[in-house]
Amino acid sequence: MRKILAALLCCWCSHALAQTAQELIDNPKNSENVTTFGMGYNLNQYSPLNQINKSNVKRLVPIWTTSLSNDAGELAQPGIYNGIMYVVNGNWTFALDVATGQPIWRTPVEYERAAARVGNAGAIMRGGATIYNGKLFRQSLDCYVIALDMKTGKQIWKQKFADYKEGYIGVIAPLVANGILITGMAGGDRTTRGFLDGWDPDTGQHLWRRYTIPAPGEPGSETWPKDIPDAWKYGGGATWQNGSYDPELDLVYWGTGNAEPYNPAYRGGLDSLYTASILAIRPKNGELVWHYQYMPNESFDLDGSAEPVIADLTIDGRVRKVLMSANKNGFLYVIDRTNGGLIAAHPYVKVNWASHIDLKTGRPVLTDVYDRAVKGETVEVWPSRGTNATLMAFNPKTGLVYLNSWEIARILKYVKFEFVLGQGSTGVETSFNAPAGEPWGYHMAFDPLSGKAKWKVPLMETASSAGMLATDGGLLFTGLLNGEFIALDQDTGQTLWKFKTGSAINSPPITYTHQGRQVVTVLSGVGGSVNRRIKGYDLIPAGGSVTTFALMPE
């Protein structure tokens, strides 16, 4: 009898910790689990839950909080599976009891500390805790992909994907699509060449690599200069944010970063494919199916790496399969995700480097800012970033996107660039300029098709790097640099509730149910490089934590 009970217990544990590809696809259908980053493969940060709503959100209270033993910053999103919460940061991986926050296991990330001097942001982790088939997958700062046992936290396999001494770092959560583990890389401000990798999640075998910059003779190589023979080898195009996946089309969508150097003289002023682009690839082999380049000859550090949000929109009387991106360059794009055709592109912040996007050619129509910069002038570029690497939310019922925008300019001058492998390779002198007495950013509801803002709430002397979460309770959850976790009225942007956490909110929150009760969870912990330039940063205490909220009984 003991043997039978032991066998049954083993079977139960195996089932509890082994989620399938179908469970990843069905993530939005099971409110007890959050198995993929962005609340689903579509990255729309939307939940149909409405137990917590505008009428009762004032009763929202913290039910537990747990330290994450980390001062480097919390930028990731928790994952939930079968009553266990999985949390990643640059230094640790956690499994916590969803009901209490009590740690089940905690595994340190072992990495070479010299790698922390390569990336300005330090030891951080973007994305979520990637779980699949009983394993948790993550990267380490010194460029390894790691698989841990979900039950014990023990390492199952570890594979190196680059050399941090050459400027690469690992801060991006992997994506599992059609049974393949896909990982990106960071290092777009240094002498790197962007890529995505495909891995066997069971064994760690490397299956394929898709470079974001073509080698000579490959399609797109004609957009790199022949008289600067090594430009393509170190041309940027980092894959430093996260991708989405359409299981029906079997396409993974991933944005690419800025070209390197920013100074276009070192790239011949050519289009520099596939930097500042969105790529659609097959997860099984990395085949490039289509691409759309947001900014040919990207020269202002305006990455195209913002997460592509998948949606189905009714346009001219018919439903179109689209993806949307609130681009760093200040335009919000709507693109046909079946073929890469541009549908709409509207500015959602102040933009002065282009007057508009030509819908026929898909190319931006430049102003004189670029020409003046090439002539050696110091120029003011709007925006320095439309958003700061944060997830927007899309509510399919309202058809609106909700985001935290930045209204801060970049001051830029092109200068001489000397190549040093692994070092910074921007070729610019640069600083940031926030307008005195004007908003530094906005909470915003925006129509992606008309280009009109439904409402905007100004943020004075600060800006938000937190993600948005929309719910059917009429709420938007997001956060502020001062540590306030807030709930906004989805119809007006009015703040309905707030709670002061111990540090800054830089991560996207999640909502789910535990035993039928809706809860909300968010990470708190100041980190990253850009936030250090914000007024009041030095007054924000470091220290990571995770907090879960629920309604206080009436």
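Residues numbered from 1 in each chain as written. Predicted model: local features only at pLDDT ≥ 70, side-chain atom pairs only at ≥ 80, totals over all residues. Heavy atoms only, no water.

S.K.: Looking at this structure, I do not really get the pattern of salt bridges. What am I missing?
M.R.: Pairing is possible between side chains of opposite charge, provided their charged atoms come close. Applying the stated criterion across every chain yields a total of 21 salt bridges. Among the ionic pairs, Lys54 bridges to Asp489, the shortest N-O distance being 3.4 Å. Of this pair, Lys54 sits in the loop between strand E1 (46-47) and strand E2 (60-67) while Asp489 is found in strand E36 (residues 484-489), placing the two residues 435 residues apart along the sequence. Relative accessible area serves as the criterion here: at 34%, Lys54 is assigned to the partly exposed category. Taking relative accessible area as the criterion, Asp489 reaches 10% and is therefore assigned buried. Here Asp303 makes a salt bridge to Lys328, at a shortest N to O gap of 3.0 Å. Placement of Asp303 in the loop between strand E20 (288-293) and strand E21 (309-315) and of Lys328 in the loop between strand E22 (318-326) and strand E23 (331-336) is noted, with a sequence separation of 25 residues between them. A relative accessible area of 3% places Asp303 in the buried class. Given a relative accessible area of 9%, Lys328 falls into the buried group. A single network of salt bridges, built from pairs that share partners, joins Lys54, Lys454, Asp489 and Asp491. (Salt bridge = Lys/Arg side-chain N within 4 Å of Asp/Glu carboxyl O. Helix = DSSP H or I, 4+ residues; strand = E, 2+ residues; numbered from the N terminus. Buried < 20%, exposed > 50% of the residue type's maximum accessible area, 1.4 Å probe, protein only.)

S.K.: Looking at this structure, how should I read unusual backbone geometry?
M.R.: Phi is mostly negative for residues that are not glycine, and the peptide bonds are mostly trans. A cis amide bond links Glu260 with the next residue in sequence, Pro261, at an omega value of -15°. Its place among the elements puts Pro261 in the loop between strand E18 (251-255) and strand E19 (277-281). The amide bond that connects Trp382 to the next residue, Pro383, takes the cis arrangement and shows omega of -5°. Within the secondary structure layout, Pro383 lies in the loop between strand E27 (379-381) and strand E28 (393-395). At Met39, a residue that is not glycine, the phi angle is positive and equals roughly 70°. Within the element layout of this structure, Met39 appears in the loop between helix H2 (21-25) and E1.

S.K.: Got a minute to help me understand the sheet that holds strand E12 (residues 155-160) in this structure?
M.R.: Sheet strands pair via backbone hydrogen bonds, and the direction of the pair is either parallel or antiparallel. Taken in spatial order, the four strands line up as E9-E10-E11-E12 in an open sheet, and their pairing is antiparallel. The open sheet has two free edges, formed respectively by strand E9 (130-132) and E12, since each of these has just one partner strand. On average, each strand axis in the sheet is inclined to that of its neighbour by 20°, with strand direction left out of account. Alignment of strand E10 (residues 135-140) against strand E11 (residues 144-149), held across six bridges, turns out to be antiparallel. Residue pairing in the sheet places Leu136 in a bridge with Leu148 of E11. (Pairing = 2+ DSSP bridges. Axes fitted to C-alpha atoms, helices over the stretch in contact; angles between N-to-C directions.)

These values are about where atoms sit, not about what they do.
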